[in-house]
Amino acid sequence: MRSALVTGGTGTTGRRVAAFLRTRGVAVRTASRHPVTGDDQHVIFDWADPRTFAAAVDGVDRVFLVAPLSDSDPASAVESFLDAAVAAGTRRVVLLSASAVTDAPSGLGALPPLVRARVPEVAVLRPSWFIQNFVGNHPVAVGIRERGRITTATGRGRVAFIDPDDIAAVAGQLLLGNPIPDGELILTGPQALSYDEAAAVVGEVTGTAVHHTSITVEELTAAIEASGVPHDYARVLAEMDEEIAGGSEERITTTVQDVTGRAPRSFRDFLIDAHRTSSNRPERAVA
Ligand SMILES: NC(=O)c1ccc[n+]([C@@H]2O[C@H](COP(=O)([O-])OP(=O)(O)OC[C@H]3O[C@@H](n4cnc5c(N)ncnc54)[C@H](OP(=O)(O)O)[C@@H]3O)[C@@H](O)[C@H]2O)c1
C-alpha cells in the first residue's frame, strides 16, 4: 500500500494532518529534522539536505507540503524535492501556503505555481492567521504570558483567525482523495477580529488583562530580527502585518464548511478549550 507523506509532520498543522489521516486508515509517514522517539513512521528530513529526500518520498503517492520555514525564497529546495516525489509516484500535493501570500515570480509566492507546474493534482491551502499563535510558544503567546501585551504592526486591521484543526481537516479530506475545489482555497475562521478585539477576548477567557500595541513595520522587523529570524524573512513577516492594517485579512470564506461539511471553530471557543485544558496542567499554555 502506498503512503501519505506529511512534511513539517511534528508542527502545528502537520501533526494534525497526520492524526486526521491515521484515524481514517491511511498509512502516514511524517518527516522533519528531529527524530520522534518510538515512532518508526517518522523519517529524518531536512529541506537544506536533498540527500534526505529519497527516503521520505519512497512509496508515497500524496504529500502535505510545509515549505522550509524562515526562508524568504524556498523555491529551489522545493523544486528538487518535487522532482524526487513525482519520480517516486506522487500524484497529489496539498501545499500549505497562507492567505497573505499571493502567486509571485520569487519568494513564498513562487511556490504555488512551482508545485502546480510539477505535480498532476495540487491544492494550495491559503489559511488566515492561526488562533494557535495565541497559545504555546508563538511570540504572540509569549508576549501575552510574559507581558500581558501583544505587539503587531496591524493597526486596527482585522483577521479571521483560524483553528489549525480546521486547516488539518481540509488538508486531510483532500489527501483522502476528495475532489479539489476550483478557485482559491482561502481558509478562515467564522469572524474577523482586530488584535485589540482579540486581546480583549483573551483577557475575558483567561481573566487577565491583555493589551495590544501597534508599532511601525520597521520597528516590528527589528523586533522579529532580534529574536533570531533572518532580516529578509523578518521583513516579509512584518510587511504581512502592514497588509492586515490595510484590511487585506478582513474576509470570511466558506472553504472549511464546503470541504469538511462543518463550520470552523471560533476564536473564543478555541481559547476557552485551550484555557480549560491548560488549567488542568502544571504549565499553562494560555496566558
Ligand atoms: N502561524 C500562522 O498564523 C500561519 C498562518 C498562515 C500560514 N502559515 C504557514 O504555516 C507554515 C508553518 O506551519 P506550522 O505552523 O504547521 O509549522 P510549525 O509548527 O512551525 O512546525 C514546523 C515543522 O517543520 C519542521 N521543520 C522546520 N524546519 C525544517 C527543515 N529545514 N526541514 C524539514 N523540516 C523542518 C519542524 O520540525 P523539525 O524542527 O523537527 O524540523 C516542524 O515539524 C508556514 O509556511 C506559514 O507560512 C502560518
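Residues numbered from 1 in each chain as written. Predicted model: local features only at pLDDT ≥ 70, side-chain atom pairs only at ≥ 80, totals over all residues. Heavy atoms only, no water.

1. Quick notes on the overall build of the protein chain
- Within the protein chain one finds eleven helices and eleven strands.
- Compactness check: the protein chain gives a C-alpha radius of gyration of 19 Å against a globular reference of 19 Å for 287 residues, within 12% of the reference.
- Here the protein chain holds 287 residues, and the buried ones make up 51% of them.
- In the protein chain, once contacts between residues fewer than 6 apart in sequence are set aside, the share between residues at least 24 apart is 74%. (Helix = DSSP H or I, 4+ residues; strand = E, 2+ residues; numbered from the N terminus. Rg over C-alpha atoms; globule rule 2.2 N^0.38 Å. Buried < 20%, exposed > 50% of the residue type's maximum accessible area, 1.4 Å probe, protein only. Contact = heavy atoms within 4.5 Å.)

2. What to know about the layout of surface pockets
- The volume enclosed by the second largest pocket comes to roughly 240 Å³.
- Its residues assigned to classes, the lining of the second largest pocket comprises six nonpolar, four polar and two charged. (1 Å grid on protein atoms, 1.4 Å probe; cavity = no way out; pocket = protein on both sides within 12 Å on 5 of 7 lines; lining within 4 Å. Points joined across faces, edges and corners; volume = space filled by probe spheres on them. Nonpolar A, V, L, I, M, F, W, Y, C, P; charged D, E, K, R; others polar.)

3. What about helix 4 (residues 111-118)?
- Residues of helix 4 that are buried: Leu111, Pro112, Leu114 and Val115. Summarising the axial view, the buried residues of helix 4 lie within an arc of 165°, below the 170-degree limit, and thus occupy one face.
- The inward-facing, buried residues of helix 4 abut helix 3 (75-87), strand 5 (92-96) and strand 6 (121-127). (Arc of directions from axis to C-beta.)

4. Some remarks on the packing of aromatic side chains
- Applying the stated criterion across every chain yields a total of eleven aromatic pairs.
- When the ring of tryptophan 47 is compared with that of phenylalanine 81, the centres are 5.1 Å apart and the planes differ by 65°; the resulting orientation is edge-to-face. Of this pair, tryptophan 47 sits in the loop between strand 3 (42-44) and helix 2 (53-57) while phenylalanine 81 sits in helix 3; the two residues are 34 residues apart in sequence, bridging distant segments of the chain.
- Residue tryptophan 47 is classed as buried on the basis of its relative accessible area of 13%.
- Ring pairs connect the aromatic residues Phe45, Trp47, Phe53 and Phe81, which therefore count as one cluster.
- Above the face of the phenylalanine 20 ring, arginine 24 is positioned so that its terminal group lies 3.6 Å from the ring centre. (Phe/Tyr/Trp six-rings, centres within 6.5 Å; stacked < 30°, edge-to-face > 60°. Lys NZ or Arg CZ within 6 Å of the ring centre and 35° of its normal.)

5. With respect to the UniProt feature "domain: NAD(P)-binding" (unreviewed entry) in the protein chain
- Residues annotated in UniProt with the feature "domain: NAD(P)-binding" (unreviewed entry) correspond here to residues 8-107.
- With 27% helix and 20% strand, residues 8-107 has its two end C-alpha atoms placed 19 Å apart. (UniProt positions renumbered as here; feature names shortened; annotations may be inferred.)

6. Focus on the pattern of salt bridges
- Here the structure, examined in full by the defined rule, presents 19 salt bridges.
- Here glutamate 184 and arginine 126 are joined by a salt bridge, their closest N and O atoms 2.9 Å apart. One end of the pair, glutamate 184, is in the loop between helix 6 (164-175) and strand 9 (185-187); the other, arginine 126, is in strand 6, and 58 residues separate them in sequence.
- Arginine 265 serves as the salt-bridge partner of aspartate 273, at 2.3 Å between the closest nitrogen and oxygen.
- A relative accessible area of 30% means that aspartate 273 is categorised as partly exposed.
- The structure contains a network of salt bridges with shared partners spanning Asp163, Arg265, Asp273 and Arg276. (Salt bridge = Lys/Arg side-chain N within 4 Å of Asp/Glu carboxyl O.)

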